[in-house]
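The primary structure of each chain is shown beneath.
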Amino acid sequence: MPAPVVQTGGSAGETSNHPDGGGIGMGGGAPDAPPLITFQHTRTDMRHIGMRGAAPLLAIALLAANAGAQGRVVTLPREDRPLAGAPAAVYTLGAAEGSEEQMFGAVAGVAFDAAENLYVLDRQNARVMVYGPNGRFLRQIGRRGQGPGELLSAAQVGVAPDGTVVVADVARFGYALFRPDGTFVRNVLTTPWMSMGFGAPLALHRQGIVTPVRPAPAATMAAGGATASDVTPLMLFGFAGGEPRRVFGIPSREAASTSRGSGSSGSRMAVFLSQPVFSPRNLVAVLSNGQMAVSFTTGYTIRLVGLDGQTTHYLQRPIRPRLTTAADREAWLTAERARIASGAGVFSVSAAGRAGPTADEIRRRREELLSSTRFADTVMTLQGLLATPTGRLWVERTGPVAGEPGPLDLITSDGQYLGTTTAMKLPAAISRGGLAAFIERDEDDVEHVVVRRLPAGWR
């Protein structure tokens, strides 16, 4: 195995050599997903409704501000080395017809616990279904409702190191905590409109939930214009409750703008306009040693950060971002039109008994915004990041067509490159014993959760 190359970081004035160089941006915790929010009623995933980023001088200033805290740089090999083997099928969940525990309405996320039990969040039915290592149904956690332990608009599920089951609930602006047996513990509430990791795996530390937050549109609505922040705070929401703690600041060029258009219900809309499609995403994963792996630049750079906000080191591969192509743009627009037609990505949140905009109103608004989509000149190098319970990182690179599954690199947190595979897409979750869960659809558009065993060298 080639030894990693270690370099020391540059000084605050050497911004061109900063490990985070190569462009910065806000891509959101969800895949391509800054949300369209219907104020007080409906939250709709809009995926990069475009606005050009701030000037390069702003990026340089932000990078220089962070340069004093940088650590060593570990340079990984340039050339790919194939990982041997391929995942083997273990079991598949989901059916078009069958018993209640066999059918899913809409799978929003999955997670494993230490015993390799699988937790499947069925967003449409507001419940978490738990299955054993062999795929046998064990129990249900949560149900739809407004009482303790009930879910309103569940968006993602995760299992903390101590076994606590965490469900992100958009309508509550927080997280519902359960014991492994399904007993409700408490709700951990956030400030309304904070980002809650739509579509991305929850980043769970042994002390709490780690998530980037976005500006609250309520203030923007009151001001009647756009607001911008040069930093996206990465916050820790403790499992015991109390005030959240900022643990890191991600350079940001996101702005919030508003639309006061009213639907038939008279509701108002607050629309987030972020950077162009294919701009860098904010990727966050928590390693088993408690460190956070954070990536937010155009290039192949991953920071390893502690809860004290200090960067210990960077992991880099000398892979240059590529230019956006016509095929990239057309593929994204085709996929987004399909999402709009299907109604995918819509989170409805009612308030004060008032109905939000109708499905047709939301669809028309999304189509209008699609016509103004802008694309970045270069495609982000990294589009996914997943930490394993054994302390390794799966890093998904952008493939030949942006937005489609790309090559996966397997690396250790200290900078050893183990290899690359194209034999699978990035799993939605991985267990300590090497089970990997994937959310897939068959030729009849029936949603399944497929569990495969990873080769020994991939675990």
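Anything mentioned here points back to the structure above.
Treat the numbers as computed from the prediction; the structure is a model and nothing was measured.

A.B. asks: Help me understand the side chain of Asp-113 in this model?
C.D. replies: Among the secondary structure elements, Asp-113 is positioned in the loop between strand S6 (107-112) and strand S7 (118-122). No salt bridge is formed by the buried Asp-113; the nearest opposite charge belongs to Arg-139, separated by 5.0 Å. Within the local environment of Asp-113, its side chain forms a polar contact with the backbone nitrogen of Ala-115, the two atoms lying 2.9 Å apart. At a separation of 2.9 Å, a polar atom in the side chain of Asp-113 contacts the main-chain amide nitrogen of Asn-117. In this structure, Asp-113 is in contact with Tyr-119 and Val-159, ignoring residues within four places of it in sequence.

A.B. asks: Looking at this structure, how should I read the pattern of salt bridges?
C.D. replies: Pairs can form between side chains of opposite charge once their charged atoms are near each other. Tallied over the entire structure, the rule returns 17 salt bridges. For the salt bridge of Arg-127 with Glu-100, the shortest nitrogen-to-oxygen distance reads 2.7 Å. In this pair, Arg-127 sits in strand S8 (residues 127-131) while Glu-100 sits in the loop between strand S5 (88-93) and S6, placing the two residues 27 residues apart along the sequence. Residue classification places Glu-100 among the exposed residues on the basis of a relative accessible area of 51%. Three or more residues are tied together by salt bridges with common partners; here these are Asp-80, Arg-317, Arg-397 and Asp-409.

A.B. asks: Could you clarify how one ought to interpret the sheet that holds strand S15 (residues 208-212) in this entry?
C.D. replies: Strand pairing in a sheet relies on backbone hydrogen bonds. The paired strands run either parallel or antiparallel. Here 4 strands make up an open sheet; going across it, the order is S14-S15-S17-S18 and the pairing antiparallel. Two strands lie at the open edges of the sheet, namely strand S14 (203-205) and strand S18 (245-251), each paired on one side alone. Sheet twist, expressed as the average angle between the axes of neighbouring strands with direction ignored, equals 25°.

A.B. asks: I tried to follow the side chain of Arg-172 on my own but got confused; where do I start?
C.D. replies: Structurally, Arg-172 is set in the loop between strand S11 (165-169) and strand S12 (174-178). Polar contacts involving the side chain of Arg-172 include one to the main-chain carbonyl oxygen of Gly-147, which spans 3.0 Å. Among residues more than four places away in sequence, those in contact with Arg-172 are Gly-145, Gln-146, Gly-147, Glu-150, Leu-152, Asn-187 and Leu-189.

A.B. asks: When you look at helix H3 (residues 326-342) in this model, what are you seeing that I'm missing?
C.D. replies: Residue pairs three or four apart in sequence face the same way in an α-helix, which turns once every 3.6 residues. Taking 1.5 Å of rise per residue, 17 residues should cover 24 Å, and H3 covers 24 Å from first to last C-alpha, within 8% of that figure. Of the residues making up H3, those classed as buried are Asp-328, Trp-332, Leu-333, Glu-336, Arg-339 and Ile-340. The buried residues of H3 occupy one face: seen down the axis, they fall within an arc of 125°. Turned more than 90 degrees away from the buried face of H3 sit Ala-326, Ala-341 and Ser-342, all of them exposed.

A.B. asks: Would you explain the packing of aromatic side chains in this entry?
C.D. replies: The geometry of an aromatic ring pair is captured by the separation of the ring centres together with the interplanar angle, meaning the angle of the planes. Counted by the stated rule, this structure contains 8 aromatic pairs. Measuring from centroid to centroid gives 5.7 Å for Phe-178 and Phe-184, while their planes differ by 65°, and the two rings are edge-to-face. Judged by relative accessible area, Phe-184 falls into the partly exposed class, the value being 26%. Clustering of aromatic rings is evident, with ring pairs tying together Phe-104, Tyr-131 and Phe-137. Geometry around Tyr-417 places Arg-317 over its ring, the cationic atom sitting 4.6 Å from the centre. Just above the ring of Phe-438 sits the side chain of Arg-452; from NZ or CZ to the centre is 5.0 Å.

A.B. asks: When you look at the sheet that holds strand S9 (residues 137-141) in this model, what are you seeing that I'm missing?
C.D. replies: Spatially, the 4 strands line up as an open sheet ordered S6-S7-S8-S9, and their pairing is antiparallel. Each edge of the open sheet is held by one strand with a lone partner, namely S6 and S9. For this sheet, the mean inter-axis angle between neighbouring strands, taken without regard to orientation, is 20°. Across 5 bridges, S6 lies against S7 in antiparallel orientation. The residue of S7 that forms the bridge with Phe-112 is Leu-118.

A.B. asks: Could you clarify how one ought to interpret the packing of H3 against helix H4 (residues 359-370) in this entry?
C.D. replies: Two quantities define a packed helix pair, namely the angle between the axes and the distance from one axis to the other. Two elements in contact, H3 and H4, have axes whose closest approach is 10 Å; the angle formed by their N-to-C orientations is 170°. Here H3 is positioned roughly antiparallel relative to H4, judged by the angle of their axes. The handedness of the crossing between H3 and H4 is left-handed. Between H3, through Trp-332, Leu-333, Glu-336, Arg-337, Arg-339 and Ile-340, and H4, the contact on the second element is made entirely by Arg-363, Arg-366, Glu-367 and Leu-370. In terms of residue class, the contact of H3 with H4 is made up of 4 nonpolar, no polar and 6 charged.

A.B. asks: I keep staring at the nonpolar core and nothing clicks. Help me out?
C.D. replies: Grouped burial of nonpolar side chains is what soluble globular proteins tend to show. Counting 17 residues, the largest nonpolar core has Ile-302, Leu-315, Leu-385, Leu-393, Val-395 and Ile-411 as its most contacted members. Among the elements of the structure, strand S21 (283-286), strand S23 (301-305), strand S26 (382-387) and strand S27 (392-397) are those that each provide at least two residues to this core. Tallying contributions element by element places S26 first for this core, with 3 residues. Contacts of Val-395, omitting those with residues within four sequence positions, involve Tyr-300, Ile-302, Leu-382, Gly-384, Leu-385, Pro-407, Leu-408, Asp-409 and Ile-411. Within the second largest apolar cluster, 16 residues are counted, among which are Tyr-119, Val-128, Val-130 and Val-167.

A.B. asks: What am I meant to see in unusual backbone geometry here?
C.D. replies: What is expected of a backbone is that most residues other than glycine have negative phi and most peptide bonds are trans. Not every positive phi belongs to a glycine, and Phe-278 is a case in point at roughly 80°. Examined against the element boundaries, Phe-278 turns out to sit in the loop between strand S20 (268-273) and S21. Of note, the phi angle at Asp-445 is positive, near 65°, even though the residue is not glycine. With respect to the element layout, Asp-445 can be found in the loop between strand S31 (435-441) and strand S32 (447-453).

Conventions used here
- Residues numbered from 1 in each chain as written.
- Predicted model: local features only at pLDDT ≥ 70, side-chain atom pairs only at ≥ 80, totals over all residues.
- Heavy atoms only, no water.
- Helix = DSSP H or I, 4+ residues; strand = E, 2+ residues; numbered from the N terminus.
- Buried < 20%, exposed > 50% of the residue type's maximum accessible area, 1.4 Å probe, protein only.
- Lys, Arg positive; Asp, Glu negative; His and termini not counted.
- Salt bridge = Lys/Arg side-chain N within 4 Å of Asp/Glu carboxyl O.
- Polar contact = N/O pair within 3.5 Å; in protein donor to acceptor, adjacent residues only side chain to side chain.
- Contact = heavy atoms within 4.5 Å.
- Pairing = 2+ DSSP bridges.
- Axes fitted to C-alpha atoms, helices over the stretch in contact; angles between N-to-C directions.
- Expected span 1.5 Å × (residues − 1).
- Arc of directions from axis to C-beta.
- Phe/Tyr/Trp six-rings, centres within 6.5 Å; stacked < 30°, edge-to-face > 60°.
- Lys NZ or Arg CZ within 6 Å of the ring centre and 35° of its normal.
- Parallel < 35°, antiparallel > 145°, perpendicular 65-115°, else oblique.
- Left-handed = near helix turned anticlockwise from the far one by under 90°.
- Nonpolar A, V, L, I, M, F, W, Y, C, P; charged D, E, K, R; others polar.
- Core = buried A, V, L, I, M, F, W, Y, C linked by side-chain atoms within 4.5 Å.

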